[in-house]
Amino acid sequence: MSYLPLKFESSNIFARKIITVRPDVNIMISSGILPDKAERKSGTTSPIFELSYSRKNHIFGEVNNTPVELRPGYSSLGFLGQTNCHSKYDRDEEINLYSIWVSSSAFDHFCESVCGKNNIGFSSFQKGTYYCYDFKSDVREESILRKLDLCFANGSDNLNKLLLESYILELMSINIKRLLCEDCSKNLHNQLSKTDMECLMYAREILLNRLEYPPTLLELSRIIHMNDCKLKRSFKQYFGKTVYEFIREQRFEKAFSLLEGGKHNVSETAFAIGYSNVSHFSKTFKERFGITPRDLCK
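Remember, it's a predicted structure, so these values are computed and weren't measured experimentally.

(A) Structural context of the overall build of the protein chain. When helices and strands are tallied, the protein chain shows 12 helices and 11 strands. Since a compact globule built from 298 residues should have a radius of gyration of about 19 Å, the 21 Å found for the protein chain is in line with a globular shape. In terms of overall dimensions, the protein chain has C-alpha extents of about 55 × 50 × 35 Å along its principal axes. Relative to its 298 residues, the protein chain shows a buried fraction of 45%. Pairs at least 24 apart in sequence give 69% of the contacts found in the protein chain among residues at least 6 apart.

Okay, here's the thing in structure tokens:
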């Protein structure tokens, strides 16, 4: 494990495991059910970046007396200097937390790799000794997190370190892009009228309800009363993916949920999301989630 400028009292929950992904990049896995009420004090001794995901419950705490909340379904990006952290937990509270720690210099390198500029980095986003950004996780991000869940559910002794590194780097890329494009996104949404955004949300709802047999782009444009060319362009701008990409992602997210629930076999799941070729479905599923549908059913 590379050096981490952290101070904390280790336990069988915090942190259950710390894995060095590459020099100056580590992931800390905290998991378990607290037998009693607990308080936890921790801190940082020098600048570091943290990308956190709570996979179960809301986690509340303070960093240098600033209230912090980690919410399931959101990424939390923290830029920390020298800090003191404090959090409280209730009895029987379930913890499933991923904390990705990246040195400030490694974060600068990641920013340059994402945007090609060497004048944007850790100091561009840090405000004081602690500053935090929250972003709602998208389908792609949730897919990666599910892959991490599967990695750690099977134990960490035989982890594919190269695959783990690819997941961590993709999560970093997604969130650095969000930081860099935060102002761009605001400008984009300002360019769309309220009516346009309502139409796009309606289109999304229609697609979610008709994943097995989705409407064509022309049919969808007629339903929401938007020109098909404008729909195609605006959907990609607003949701970050084409209509086809959105349908494909949502289909496989539904497939994952059906198989994980244990009430559908592979063939039933493939047909439920509109795949008649079970072999093609299984191959694409494995490429997307890193596990075959049959193995997920076990």
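Right, picking up where we left off after that structure.
(B) Here's a closer look at the nonpolar core. One finds Ile27, Phe49, Val102, Phe107, Leu148 and Phe152 to be the most contacted residues of the largest nonpolar core, which totals 35 residues. The element contributing the most residues to this core is helix H4 (residues 161–180), with eight residues. Discounting chain neighbours no more than four positions away, the residues touching Phe152 are Ile19, Ile27, Ile29, Tyr98, Leu159 and Leu164. In this structure, Ile59, Val68, Leu97 and Trp101 belong to the second largest nonpolar core, which totals 19 residues.

(C) Seen up close, the packing of helix H3 (residues 139–153) against H4. Viewed as axis vectors pointing N to C, H3 and H4 meet at an angle of 150 degrees, and their least axial separation amounts to 10 Å. By the angle between their directions, the pair H3 and H4 is classed as roughly antiparallel. Handedness of the crossing formed by H3 with H4: left-handed. Contacts from Arg140, Glu141, Ile144, Leu145, Lys147, Leu148, Cys151 and Phe152 in H3 reach Leu164, Tyr167, Ile168, Glu170, Leu171, Ile174, Asn175 and Arg178 in H4.

(D) Geometry of the sheet that holds strand E4 (residues 38–44). What the five strands build is an open sheet, ordered E1-E4-E9-E6-E7; its pairing is antiparallel. Only two strands of the sheet have a single partner each, and these edge strands are strand E1 (6–8) and strand E7 (66–70). Going from strand to strand, the sheet's axes swing by 25 degrees on average, the running direction of each strand aside. Of the strand pairs in this sheet, E4 and strand E9 (residues 83–89) are connected by seven bridges, and their pairing is antiparallel. Each residue of the ladder has a partner; that of Gly43, found in E9, is Asn84.

(E) Geometry of the sheet that holds strand E5 (residues 48–54). Pairing is antiparallel in the open sheet, where six strands are placed in the order E2-E3-E10-E5-E8-E11. One side of each edge strand has no neighbouring strand; the edge strands of this open sheet are strand E2 (17–22) and strand E11 (130–136). Ignoring which end each strand starts from, the neighbouring axes of this sheet average 20 degrees apart. Pairing of strand E3 (residues 25–33) with strand E10 (residues 94–103), which is carried by nine bridges, proceeds in the antiparallel orientation. Across the sheet, Ser31 pairs through a bridge with Asn96, a residue of E10.

(F) View of the packing of aromatic side chains. Under the defined criterion, the tally for this structure stands at 21 aromatic pairs. Here Phe252 and Tyr275 contribute two aromatic rings whose centre-to-centre distance is 5.5 Å and whose plane-to-plane angle is 70 degrees, an arrangement assigned as edge-to-face. One end of the pair, Phe252, is in helix H9 (residues 243–261); the other, Tyr275, is in the loop between helix H10 (266–272) and helix H11 (278–289), with 23 residues separating them in the sequence. An identical accessibility class is assigned to Phe252 and Tyr275; each is buried. Centroid distance Phe256 to Phe285: 6.2 Å. Interplanar angle 15 degrees. Geometry classified as stacked. With Phe256 in helix H9 and Phe285 in helix H11, the pair connects residues that are 29 residues apart, well separated along the chain. The ring of Tyr74 carries the charged tip of Arg71 above its face, separated from the ring centre by 3.7 Å. When the ring centre of Phe289 is taken as reference, the NZ or CZ atom of Arg288 above it lies at 5.7 Å.

(G) A look at the packing of helix H6 (residues 194–209) against H9. For the pair H6 and H9, the least separation of the axes is 10 Å and the interaxial angle reads 45 degrees. With respect to each other, H6 and H9 are oriented oblique. Seen from above, H6 lies across H9 with right-handed handedness. Touching Arg204, Leu207 and Leu208 of H6 are Val243, Phe246, Ile247 and Gln250, all from H9. Its residues assigned to classes, the contact of H6 with H9 comprises five nonpolar, one polar and one charged.

(H) Representation of the pattern of salt bridges in the model. Tallied over the entire structure, the rule returns 10 salt bridges. The shortest N-O distance in the salt bridge between Arg55 and Asp149 comes to 2.8 Å. Placement of Arg55 in the loop between E5 and strand E6 (59–63) and of Asp149 in helix H3 is noted, with a sequence separation of 94 residues between them. With a shortest N-O distance of 2.6 Å, Glu141 and Arg178 are connected by a salt bridge. Pair noted here: Glu141 is in helix H3 and Arg178 is in helix H4, with a separation of 37 residues, a long-range link. Across this residue pair, the class does not change: Glu141 and Arg178 are buried.

Calculation criteria
Residues numbered from 1 in each chain as written. Predicted model: local features only at pLDDT ≥ 70, side-chain atom pairs only at ≥ 80, totals over all residues. Heavy atoms only, no water. Helix = DSSP H or I, 4+ residues; strand = E, 2+ residues; numbered from the N terminus. Rg over C-alpha atoms; globule rule 2.2 N^0.38 Å. Buried < 20%, exposed > 50% of the residue type's maximum accessible area, 1.4 Å probe, protein only. Contact = heavy atoms within 4.5 Å. Core = buried A, V, L, I, M, F, W, Y, C linked by side-chain atoms within 4.5 Å. Axes fitted to C-alpha atoms, helices over the stretch in contact; angles between N-to-C directions. Parallel < 35°, antiparallel > 145°, perpendicular 65-115°, else oblique. Left-handed = near helix turned anticlockwise from the far one by under 90°. Pairing = 2+ DSSP bridges. Phe/Tyr/Trp six-rings, centres within 6.5 Å; stacked < 30°, edge-to-face > 60°. Lys NZ or Arg CZ within 6 Å of the ring centre and 35° of its normal. Nonpolar A, V, L, I, M, F, W, Y, C, P; charged D, E, K, R; others polar. Salt bridge = Lys/Arg side-chain N within 4 Å of Asp/Glu carboxyl O.

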